[in-house]
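Remarks on the overall topology
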Amino acid sequence: MSTDPGMGQSSGLTCIACDSHKLTSLGRLPVYTSDFLGRDLDSSIDPGTLYECESCAIRFRAPQPTEDELMKYYQGMDVAECWQHGPEREVWRYIKEEVQDVPERSVLDVGCFRGDMLSYLGNGFERFGVEPSKEAAREAERRGVTLIADRIESLSDNGPRFGAITLIDVAEHLPRPLESLQRLTRLLMPGGKLIIFTGSTDALSWRLAGLDYYYSALPEHVAFVRPSWFHWAASRMGCDLVSIRRMRYRSSSWRNWIDESLKNLLYIGYHRMRRLPFVPSILFKMPLVRRIGQWRSCWWTSAKDHIFVVLTKAA
Ligand SMILES: [Zn+2]
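Residues numbered from 1 in each chain as written. Predicted model: local features only at pLDDT ≥ 70, side-chain atom pairs only at ≥ 80, totals over all residues.

**Digging into the overall build of the protein**
Using the following cut-off: A run of DSSP states H or I qualifies as a helix once it reaches four residues; a run of E qualifies as a strand once it reaches two. Both are numbered from the N-terminal end. Here the globule rule is a power law, 2.2 Å times the number of residues to the power 0.38, and the radius of gyration is based on C-alpha atoms. Neighbour counting defines burial: a residue surrounded by 20 or more other C-beta atoms within 10 Å of its own C-beta is buried, one with 12 or fewer is exposed, and intermediate counts give partly exposed, using backbone-placed C-beta atoms.
Secondary structure assignment for the protein yields nine helices and 11 strands. Relative to the compact-globule value of 20 Å for 315 residues, the protein shows a C-alpha radius of gyration of 20 Å, a close match. Viewed in the frame of its principal axes, the protein has a C-alpha envelope of about 65 × 50 × 35 Å. The 315 residues of the protein split such that 36% are buried.

Structure representation (structure tokens):
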């Protein structure tokens, strides 16, 4: 990690949350997808560099894909995407507990997709959604969700107020995270809850993997937070930080956890060695080592690399 000498007051790049110029360049990001937001992976693609803000501690990708590129990508997402299927998610259970006592029992889910989580909450709640994918939004409406916008930016300050607003696997997609969260907080009733589930750069797996971590190698992931960022952001959103729980992206068997952990340690070790000048090249010709070198990516969804954050709007 080194401060890029090109960065500074004159370069113009500023933090996506606090606009500070004090940024540390952590290196060029890899790409772990077979394409780059629908574009072919070739030499014209700039996956961007990962920066850390010295003032608010957020990390972010720069340059970011444009809003158009991101919207087109989200709008084109297949409603049968397998990551949305499956039984109840562990994180939904925590949400259900948290929303039991919210004002008016109304919940707005930002990035609600097909309304899976809102359906899981059941009819005891008034359910609202924000969703860019038209096809997914139609499915959510069929399930009783009222769609109020296709993106956070088009939400009106004068619209309805909600008892809870949830962002599950959404904060990492926000090009201007603090502004978006401030806009959402304005739509909360006093005492209402803002509930966020996203990756944490403080996670051990992330610190081990560094730039090779899968989470920051996904092109649509542009903002990466950590608990201390929420301590910084809460007062700027007019909220109190209630709790932060470390979690896995999804619950996993011990067997899967061991399998993914071993694979990732090999993968991280391989890429670290690759960058060292004094490792003999014959090592990379050994069959096992060569095989690791052929892995395009190494997912680690069983790692405890997510945080479940609950904030309340000051009354
Ligand atoms: Zn900052």
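**Here we look at the domain arrangement of the protein**
The test is simple: For the domains described, the bounds stem from an automatic or database domain assignment. We call two residues in contact when their backbone-placed C-beta atoms lie within 7 Å. Here the nonpolar group is Ala, Val, Leu, Ile, Met, Phe, Trp, Tyr, Cys and Pro; Asp, Glu, Lys and Arg are the charged ones; every other residue, Gly included, is treated as polar.
Under the domain assignment, the protein is made up of domain 1 (82-251 + 303-313) and domain 2 (254-294). Each of domain 1 and domain 2 was reduced to a C-alpha centroid, and the two centroids are 35 Å apart. With four residues of domain 1 at the contact, the number on the domain 2 side is four residues. Looking at the side of domain 1 that touches domain 2, its residues break down into two nonpolar, one polar and one charged.

**A look at the sheet that holds strand E3 (residues 59-62)**
Which entries qualify depends on this criterion: Strand pairing is defined by DSSP finding a minimum of two bridges between the two strands.
Reading across from one edge, E1-E2-E3-E9 is the order of the four strands in this open sheet, with antiparallel pairing throughout. On the outer flanks of this sheet lie strand E1 (23-28) and strand E9 (223-224), each paired with one strand and no other.

**Section: the nonpolar core**
Nonpolar side chains in soluble globular proteins tend to be buried together. What counts is decided by this rule: By convention the nonpolar core is taken to be a set of buried residues drawn from Ala, Val, Leu, Ile, Met, Phe, Trp, Tyr and Cys and joined through C-beta atoms within 7 Å.
Grouped together as the largest cluster of nonpolar side chains are 73 residues, with contacts concentrated most on Ile-58, Ile-165, Leu-194 and Ala-223. Residues within four places of Ala-223 in sequence aside, it is in contact with Ile-16, Ile-58, Phe-60, Ala-171, Glu-172, Leu-174 and Pro-177.

**Observations concerning the pairing of strand E6 (residues 146-149)**
Rule in force here: Whether a crossover is right-handed depends on one test, that the path from the first strand over the helix to the second runs clockwise when the strands point away from the viewer.
In this structure, strand E5 (residues 126-130) lies alongside E6, joined through three bridges in parallel fashion. Each bridged residue has a counterpart across the sheet, and for Gly-129 the counterpart in E6 is Leu-147. Handedness of the crossover is the feature at issue here: the chain leaves E5, passes through helix H4 (residues 134-142), returns alongside E6, and the resulting connection is right-handed.

**Considering the sheet that holds strand E7 (residues 162-168)**
As a reminder, the rule being used: Orientation is described by axes fitted as lines to C-alpha atoms, over the contacting stretch for helices, and by angles from 0 to 180 degrees between their N-to-C directions.
Spatially, E6-E5-E4-E7-E8-E11-E10 is the arrangement adopted by the seven strands of the open sheet, whose pairing is mixed. Two strands in the sheet have a free side with no partner beyond their single neighbour: E6 and strand E10 (239-247). Sheet twist, expressed as the average angle between the axes of neighbouring strands with direction ignored, equals 20 degrees. Both E10 and strand E11 (residues 306-313) contribute to a ladder of eight bridges, which runs antiparallel. Looking across to E11, one finds that Arg-246 is bridged to Ile-307. The strands touched by helix H7 (residues 227-236) within the sheet are E10 and E11, with E10 carrying the most contacts at an inclination of about 170 degrees.

**Some details on H4**
Operational definition: Note that the arc is defined by the directions from the helix axis to the C-beta atoms.
Taken together, the buried positions of H4 are occupied by Ala-136, Ala-137 and Ala-140. End-on, the buried residues of H4 take up no more than an arc of 100 degrees, which puts them together on one face. Tucked inside the fold, the buried residues of H4 contact E5 and E6. Where H4 terminates, the next one or two residues include Gly-144, which has phi positive at roughly 95 degrees.

**Some words on the environment of Gln-64**
With respect to the secondary-structure elements, Gln-64 resides in the loop between E3 and helix H1 (67-75). Taking the C-beta count within 10 Å as the criterion, Gln-64 has 17 such neighbours and is therefore assigned partly exposed. Other than its neighbours up to four places away in sequence, Gln-64 contacts Gly-48, Pro-175 and Val-222.

**Focus: the packing of helix H8 (residues 254-275) against helix H9 (residues 287-294)**
Our working rule: To sort the angles, those under 35 degrees are grouped as roughly parallel, those over 145 as roughly antiparallel, those from 65 to 115 as roughly perpendicular, and the leftovers as oblique.
Where H8 meets H9, the closest approach of the two axes is 10 Å, and the angle between their N-to-C directions is 95 degrees. Between H8 and H9, the interaxial angle falls into the category roughly perpendicular. Packed against H8, whose contacting residues are Leu-266, Tyr-267 and Tyr-270, the element H9 presents Val-289, Ile-292 and Gly-293 at the interface. Looking at the contact of H8 with H9, its residues break down into five nonpolar, one polar and no charged.

**Looking at helix H2 (residues 90-99)**
Every buried residue belonging to H2 is among Val-91, Ile-95 and Val-99, and all of these are buried. Relative to the axis of H2, the buried residues are bounded by an arc of 65 degrees and lie together on one face. Facing away from the buried side of H2 by more than 90 degrees, the exposed set consists of Arg-93 and Glu-97. Turning to H2, the residues buried within the fold contact strand E4 (106-110), helix H3 (116-121), E7, strand E8 (188-199), E10 and E11.

**A closer look at unusual backbone geometry**
The amide bond that connects Ala-62 to the next residue, Pro-63, takes the cis arrangement and shows omega of 0 degrees. On the secondary structure map, Pro-63 appears in the loop between E3 and H1. Even without being glycine, Ala-57 reaches a positive phi, approximately 75 degrees. With respect to the helices and strands, Ala-57 occurs in the loop between strand E2 (49-53) and E3. Backbone geometry at Glu-104 places phi at a positive 60 degrees, although glycine is not the residue there. Mapped onto the elements of the fold, Glu-104 is located in the loop between H2 and E4.

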